[in-house]
There are 2 protein chains.
Amino acid sequence: MPAEAKVEASTARSAAQPDTPALTERQEARRRRILHASAQLASRGGFDAVQMREVAESSQVALGTLYRYFPSKVHLLVATMQSQLEHMHGTLRKKPPQGETAAERVAETLMRAFRALQREPHLADAMVRALTFADRSVSPEVDQVSRQTTAIILDAMGLENPTPDQLSAVRVIEHTWHSALITWLSGRASIAQVKIDIETVCRLIDLTDSASSD
Amino acid sequence: MPAEAKVEASTARSAAQPDTPALTERQEARRRRILHASAQLASRGGFDAVQMREVAESSQVALGTLYRYFPSKVHLLVATMQSQLEHMHGTLRKKPPQGETAAERVAETLMRAFRALQREPHLADAMVRALTFADRSVSPEVDQVSRQTTAIILDAMGLENPTPDQLSAVRVIEHTWHSALITWLSGRASIAQVKIDIETVCRLIDLTDSASSD
DNA sequence: CGGTAATCTAGAACAAGTTACAGAGTTGAT
DNA sequence: ATCAACTCTGTAACTTGTTCTAGATTACCG
């Protein structure tokens, strides 16, 4: 039998990954420390500043243990993004967007998220770069992030049963969102530019606004 | 004075970067060998298979020289993408798309490019991953790729003087194109999915089809 | 309590990107 | 032909992500 008493954690993570082997309290604590250290280092210097040895030291964990929890730097940063996304989804829920149309509400929501990212541009850099650099071995985790993002957008649209067309539009919005962030982070597009791109792509929603949910 | 007689090359590259110090024939040859080796290795195993030491060896160039020509692996792969893009733009010019509307023609063009990438998925992986992973130090080169892509799309639309709205739509299409490629490369989206996303985003063009060029 | 299986730690070792450097090779000018 | 300036080569060193290993800890079970 394994070490450290297993405890059923009721976090979003265990809910999302029911096959996860269930962690001890101390293990949960370690995991939190690691993610915290990761976010902290990322906030300073972005992707490059998140160095595995430093994360391990900051979180009081041996390097090998860090790799047991997160099998690669990209896994770690994608998990960091998951945790930040959950936080943001919670925040967004509290103040739903005010726009008249679904397109306006989605654009408003994404701009709100964008402003949050602007407050920690280095952290944003680390998370987004990891997300787009992730290879197949990180697919499940990246997919989880994608689902979370989709949920946020659908929330903003106020839809229960989106049509396939609407889901396509949402996917395109996500594509634009990620790629626009990258162009901003690498200094090739201004904040204003990103705003325009988001507003532009959100018009797609109106194209599918007729047929809709229950 | 420097070594090796300077020769004014009339390639797309020197035309695009007039500040480039102009290369010797032998230097042009080295550069070509390097790009060729890069593409070859990428075609095998994707991003990870492009190892700087191997590229240097394959192209009969010392490691230091490789770094003089391309200051990082990402620079190298972005340059590889530039060269591939030029080739593709040439190919596409020869057979313009047949669609009735601008949206159809753009979608057709991108799908043609997509099919080309499918023939060398590893190469596509290396180039696209490099492109989205590039940091600020590669901005000029990435921007060049972006301009080239924009040119291809505008060609397909058949526009001379695009409106700001249309340029926004084109940017969003590019965002979707890059991000959709990534989801495909990382196995999170099927080919069919990418097709749908491209077709979906191309509808944006119709939204701006009224006001247009001469 | 004692045993055992899994986990954790500390540190070495390895891999690949990047940098540094000494010496040889080119090139254009004089 | 010689020189100065630049470039190229070959190689070692350094950095950081990743893997490996031996020994200490922890948790559970009887």
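Procedures and definitions
- Residues numbered from 1 in each chain as written.
- Chains lettered and ligands numbered in written order.
- Predicted model: local features only at pLDDT ≥ 70, side-chain atom pairs only at ≥ 80, totals over all residues.
- Contact = placed C-beta atoms within 7 Å.
- Helix = DSSP H or I, 4+ residues; strand = E, 2+ residues; numbered from the N terminus.
- Nonpolar A, V, L, I, M, F, W, Y, C, P; charged D, E, K, R; others polar.
- UniProt positions renumbered as here; feature names shortened; annotations may be inferred.
- Axes fitted to C-alpha atoms, helices over the stretch in contact; angles between N-to-C directions.
- Parallel < 35°, antiparallel > 145°, perpendicular 65-115°, else oblique.
- Least-squares fit on C-alpha atoms with pLDDT ≥ 70 in both.
- Domains from an automatic or database assignment.
- Expected span 1.5 Å × (residues − 1).
- Buried ≥ 20, exposed ≤ 12 C-beta atoms within 10 Å, placed from the backbone.
- Arc of directions from axis to C-beta.

As annotated in an unreviewed UniProt entry, chain A carries the name TetR/AcrR family transcriptional regulator and comes from Streptomyces acidicola.

Peer 1: Talk me through the interface of chain A and chain B; I want residue IDs and the actual numbers.
Peer 2: Chain A puts 29 residues into the contact, and the matching count from chain B is 29 residues. For the side of chain A that touches chain B, the elements supplying multiple residues, two or more each, are helix H7 (121-133), helix H8 (139-157), helix H9 (164-185) and helix H10 (191-207) of chain A. The leading source of residues in the side of chain A that touches chain B is H9(A), at 10 residues. The residue makeup of the side of chain A that touches chain B, split by class, is 11 nonpolar, 10 polar and eight charged.

Peer 1: Break down the UniProt feature "DNA-binding region" (unreviewed entry) in chain A for me, citing the residues and quoting the values.
Peer 2: Look at the UniProt record and you will see "DNA-binding region" (unreviewed entry) annotated at residues 51-70 of chain A. Along residues 51-70 of chain A the backbone is 70% helical and 0% strand, and the end-to-end C-alpha distance reaches 13 Å.

Peer 1: Help me get a handle on the UniProt feature "domain: HTH tetR-type" (unreviewed entry) in chain A, residues and values and all.
Peer 2: Mapped onto this numbering, the UniProt entry annotates "domain: HTH tetR-type" (unreviewed entry) at residues 28-88 of chain A. Along residues 28-88 of chain A one finds 79% helix and 0% strand; the C-alpha atoms at either end are 21 Å apart.

Peer 1: Lay out the packing of helix H9 (residues 164-185) of chain B against helix H10 (residues 191-207) of chain B in plain terms, naming residues and giving numbers.
Peer 2: Packed helices, taken two at a time, are described by the angle between their axes plus the distance between the axes. Residues and elements named next belong to chain B. Remark: H9 packs on H10, axes separated minimally by 9 Å, with the N-to-C direction vectors making an angle of 175°. Relative to H10, the element H9 lies roughly antiparallel. Facing Ala169, Val172, Ile173, Thr176, Trp177, Ala180 and Trp184 of H9, the residues of H10 in contact are Ile191, Val194, Asp197, Ile198, Val201, Cys202, Leu204 and Ile205. The residue inventory of the contact of H9 with H10, partitioned by class, reads 13 nonpolar, one polar and one charged.

Peer 1: Tell me about the relation of the copies chain A and chain B, and name the residues and values.
Peer 2: Least-squares fitting of chain A to chain B yields an RMSD of 0.1 Å, with the superposition described by an axial translation of 0.0 Å and a rotation of 180°. The two molecules are tied by a two-fold rotation axis, judged by turn and shift. The C-alpha atom lying nearest the rotation axis in chain A is that of Thr176(A); the distance is 2.7 Å. Residue by residue, 100% of the interface of chain A is reproduced at the interface of chain B, so both copies engage with the same surface.

Peer 1: Which residues make up the domain arrangement of chain A, and what values go with them?
Peer 2: Residues and elements named next belong to chain A. Along its sequence, chain A is carved into domain 1 (17-69) and domain 2 (73-207). With 12 residues of domain 1 in contact, the opposing surface of domain 2 contributes 13 residues. Those elements that provide at least two residues to the side of domain 1 that touches domain 2 are helix H2 (25-45) and helix H3 (52-58). A total of seven residues in the side of domain 1 that touches domain 2 trace back to one element, the largest contributor, which is H2. When the residues that make up the side of domain 1 that touches domain 2 are grouped by side-chain class, the tally is seven nonpolar, four polar and one charged.

Peer 1: Residues and numbers for helix H2 (residues 25-45) of chain B, please.
Peer 2: All names here are of chain B. Here H2 contains 21 residues, and its C-alpha end-to-end distance of 31 Å stays within 8% of the 30 Å for a straight helix at 1.5 Å per residue. Of the residues making up H2, those classed as buried are Arg31, Ile34, Leu35, Ala37, Ser38, Leu41 and Ala42. Around the axis of H2, the buried residues are gathered within 160° of arc, so they sit on the same side. In H2, the exposed positions angled more than 90 degrees off the buried face are occupied by Glu25, Arg26 and Arg44. The inward-facing, buried residues of H2 abut helix H3 (52-58), helix H4 (63-69), helix H5 (73-94) and helix H7 (121-133). With its phi angle positive at about 75°, Gly46 sits one or two positions after the end of H2.

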